[in-house]
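An overview of the molecular structure
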Amino acid sequence: MNVSLILIILFVGALVTFLSGDKLASKVALFFGLAAAGCSIVLLNHFNLGENISFISQWISKPNVSFALKADGLSLAMVLLTTILTAIITFSSFGNEYKNAKSFYALILFMSFAMVGTFLASDGLLYYIFWELSLIPIYFIALVWGNGDVEERRKAVVKFFIYTLAGSLFMLVAFVYLYQKAGSFLIEDLYKVNLSATEQLWIFLAFFLAYAIKIPLIPFHTWQANVYQKAPTVGTMLLSGIMLKMGLYSIIRWQLPLAPVAAHEYKYIFIAIGLAGVIYGSIVALRQRDLKKLLAYSSLAHVGLIAAGTYTLTLDGLRGAVLQMIAHGFVVVGLFYVAEIIFRRYETRVIAEMGGIRSQTPRFTSMFLILVMASISLPATFNFVGEFTVLYSLSQINIWYAVLGGTTIILGAYYMLRMFQHAMLGETNSKVFADVTINEGITLVVIIAVLLFFGMFPKPILDLITPSLEEILNQINRIN
């Protein structure tokens, strides 16, 4: 049994979902999403028992390309995040009606297939193929099933597609250059290539451009807010909850170990870029009146802090970044789902047009408040564990980095609590706010349970990811 089984389940699931017809598509997609999540958990158990669940097979002889999937603690953590959130996101969509539902749900599974492949691939060209494949389904999900004016939506989605594709081409050039040096795309062979400081800098920058756009980091973020707003909530969840983690994960897996000299020499610059995103995202979020845009800029601030943690090149920084990636995935999906629940009832995302929801549905208000507290890293929530660890790693580099990074907590608390006050408290809206349905309640309870459980007991994830991160850190520090 190996990790290729997850890819098979998701790919077959996408085909079966498309062929099942519009009436059954959502249920078939959920079945295969749950099957992939279950398979991930089973494979994790095999991995913990010491079994080799990686997979490698010769794929193309010229050039030398292998279908190689590496299953270590880091990649398995990201696969679990992807498959579990895919199932949650699919289930959360049951309250909406979608035209051509079979295509919609098939694209969700295909996107999950591509993202899982990106997290598992240990051959550079295979990794690049999965990386690009993930862009196709989200393009159509946002374009066909998105919100607002069609022409504005088309402009936002095309801008996102062109930006991401253009950045990825620089990464492809870097892989071709490395292949000429190594004679192989396998990550183990690429790690062994001896590059000069100048070569490493160019490789480092090529990868950075691809990842900075995908995450996104400033000044490459200009596509984000509009796409998050125009995409259907399911698309926004996939983008913010999983897809941006591809860039953060790839910094750790590919960029830093392939160019360790450049990583050490220029780390202060890239930490500063990450922290600039924290401050910029938080300040812009303060000015937002649209709930989805506020959450988009809040996400920009959080991922900036995660990126800063990865560039500290410390075990605490890498470990905190991965913990925060997973925590952010769950909390941002929960928050965007809350925005969708409110939209279903009030048909608005303007915060000023909400209000008085607490008096009509205390249960929903309580669940929303827990998600808000998790977002601002209240102790005992999952986000606190990752954010604290990242801030600690920044303090080891320079205490002022930690102070600047900490602004995401202070400003985040201000704009999130202010948003909660205007949306949930205040005068009662003239429209009736129906209580959460069973499906909505289950989705929110599952997300909250994950955030609270790992907030108080993060050890299973730490035990899973630490050996992989120590191995990667040895590669990064091999110049010393």
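Look a little higher up for the structure.
Here we summarise the structure given alongside this text. (Residues numbered from 1 in each chain as written. Predicted model: local features only at pLDDT ≥ 70, side-chain atom pairs only at ≥ 80, totals over all residues. Heavy atoms only, no water.)

1. Points about the packing of helix H3 (residues 73–92) against helix H4 (residues 101–120)
Definition in use: Axes here refer to lines fitted to C-alpha atoms; in helices the fit is confined to the stretch in contact. Angles between the N-to-C directions go from 0 to 180 degrees. Strands are runs of DSSP state E lasting at least 2 residues, helices are runs of H or I lasting at least 4, and numbering of each runs from the N terminus. Here is the rule for angles: anything less than 35 degrees is roughly parallel, anything more than 145 is roughly antiparallel, 65 through 115 is roughly perpendicular, and the remaining ranges are oblique. Residue contacts follow a heavy-atom distance rule, with two residues in contact if any of their heavy atoms lie within 4.5 Å. Only Asp, Glu, Lys and Arg are considered charged in this grouping, and only Ala, Val, Leu, Ile, Met, Phe, Trp, Tyr, Cys and Pro are considered nonpolar; every other residue, Gly among them, is considered polar.
Where H3 contacts H4, the axes come no closer than 9 Å and their chain directions differ by 170 degrees. Judged on the interaxial angle alone, H4 and H3 are roughly antiparallel. The segment H3 lies against H4, with Ser-75, Met-78, Val-79, Thr-82, Thr-83, Thr-86 and Thr-90 engaging Tyr-105, Ile-108, Leu-109, Ser-112, Met-115, Val-116, Phe-119 and Leu-120. Taken together, the residues of the contact of H3 with H4 sort by class into nine nonpolar, six polar and no charged.

2. Let's talk about helix H6 (residues 135–145)
Note the threshold: Relative accessibility thresholds used throughout: buried, under 20% of the residue-type maximum; exposed, over 50%; partly exposed, between the two (1.4 Å probe, protein chains only).
Among the eleven residues that make up H6, eight are buried, leaving the element largely enclosed by the rest of the structure. All of the buried residues along H6 are Leu-135, Pro-137, Ile-138, Tyr-139, Ile-141, Ala-142, Leu-143 and Trp-145. Looking at the buried positions of H6, the neighbouring elements they touch are H4, helix H5 (124–133), helix H7 (150–182), helix H10 (224–230) and helix H11 (233–258).

3. Some points on H4
One turn of an α-helix holds 3.6 residues; hence residues three or four places apart share an orientation. To keep things clear, this is the line we draw: Expected helix span is taken as 1.5 Å per residue step, with the number of steps being one fewer than the number of residues.
The end-to-end C-alpha separation of H4 is 29 Å, in line with the 28 Å expected for 20 residues at 1.5 Å each. H4 sits mainly inside the fold: 18 of its 20 residues count as buried.

4. Section: the side chain of His-221
With respect to the helices, strands and loops of the structure, His-221 is situated in the loop between helix H9 (197–214) and H10. What His-221 contacts, discounting residues up to four positions off in sequence, is Pro-216, Tyr-280 and Leu-300.

5. Some thoughts on the pairing of strand E1 (residues 55–60)
The condition is simple: The pairing criterion is simple: DSSP has to find at least two bridges between the two strands.
Two elements, E1 and strand E2 (residues 65–69), share five bridges in a ladder whose sense is antiparallel. Counted as the bridge partner of Ile-56 is Ala-68 from E2. Hairpin connection from E1 to E2: four residues lie between these consecutive antiparallel strands.

6. Considerations on the nonpolar core
Worth spelling out the cut-off: As used in this record, nonpolar core signifies buried Ala, Val, Leu, Ile, Met, Phe, Trp, Tyr and Cys residues forming a set joined through side-chain atoms within 4.5 Å.
Counting residues in each nonpolar core, the largest one holds 174 residues, and the members touching the most others are Phe-207, Tyr-211, Phe-364 and Leu-394. Top contributing element to this core by residue count: helix H15 (residues 315–346), with 19 residues. If sequence neighbours within four positions are ignored, Leu-394 has contacts with Ile-271, Leu-275, Leu-305, Ala-308, Thr-312, Ile-399, Tyr-401 and Ala-402. Within the second largest apolar cluster, five residues are counted, among which are Ala-142, Leu-143, Val-157 and Ala-231.

7. So, unusual backbone geometry
In this chain, Lys-62 is followed by Pro-63 through a cis amide linkage whose omega measures -5 degrees. Residue position: Pro-63 is located in the loop between E1 and E2. Here Ile-215 and Pro-216 are connected by a cis peptide whose omega angle stands at -10 degrees. Its place among the elements puts Pro-216 in the loop between H9 and H10. Even without glycine at this site, Asn-100 takes up a positive phi of about 55 degrees. Within the secondary structure, Asn-100 sits in the loop between H3 and H4. In this structure, Glu-347 is a non-glycine residue whose phi angle is positive, near 55 degrees.

8. What about the environment of Ile-306?
On the secondary structure map, Ile-306 appears in helix H14 (residues 291–310). Sequence separation between Ile-306 and His-328 is 22 residues; the distance between their C-alpha atoms is 9.6 Å. Ile-306 has contacts with Leu-248, Ala-321, Gln-324, Met-325 and His-328, leaving out every residue within four places of it along the chain.

9. A word on the side chain of Thr-312
We apply this condition: Nitrogen and oxygen atoms within 3.5 Å of one another constitute a polar contact, given that in protein one can donate a hydrogen and the other can accept it, and given that sequence-neighbouring residues count only through two side-chain atoms.
Relative to the assigned elements, Thr-312 resides in the loop between H14 and H15. Overall, Thr-312 belongs to the buried group, its relative accessible area being 1%. Among the polar contacts made by the side chain of Thr-312, one reaches the side chain of Thr-314 at a distance of 3.1 Å. In this view, Thr-312 contacts Lys-267, Ile-271, Gly-317, Ser-393, Leu-394 and Ile-397; residues no more than four positions away in its chain are not counted.

10. With respect to the packing of aromatic side chains
Going by this rule: A pair of Phe, Tyr and Trp rings is counted when the ring centres sit within 6.5 Å of each other, with Trp represented by its six-membered ring. The angle between the planes then sorts it: under 30 degrees is stacked, over 60 is edge-to-face, the rest tilted. Two thresholds decide whether a charge sits over a ring: the Lys NZ or Arg CZ must be within 6 Å of the ring centre and within 35 degrees of the ring normal.
Across all of its chains, the model carries 40 aromatic pairs by this definition. Residues Trp-59 and Phe-67 carry aromatic rings whose centres are separated by 6.1 Å and whose planes lie at 85 degrees to one another, so their mutual orientation is edge-to-face. Residue class for Trp-59 comes out partly exposed when judged on its relative accessible area of 43%. Phe-67 sits in the partly exposed class, given a relative accessible area of 24%. Within the aromatic cluster, the residues linked to one another by ring pairs are Phe-11, Phe-55, Trp-59, Phe-67, Phe-110, Phe-113 and Phe-130. Over the face of the ring belonging to Phe-18 we find Lys-102, whose NZ or CZ atom lies 5.0 Å from the ring centre. Cation over ring: Lys-214 sits above Trp-131, and NZ or CZ is 4.7 Å from the ring centre.

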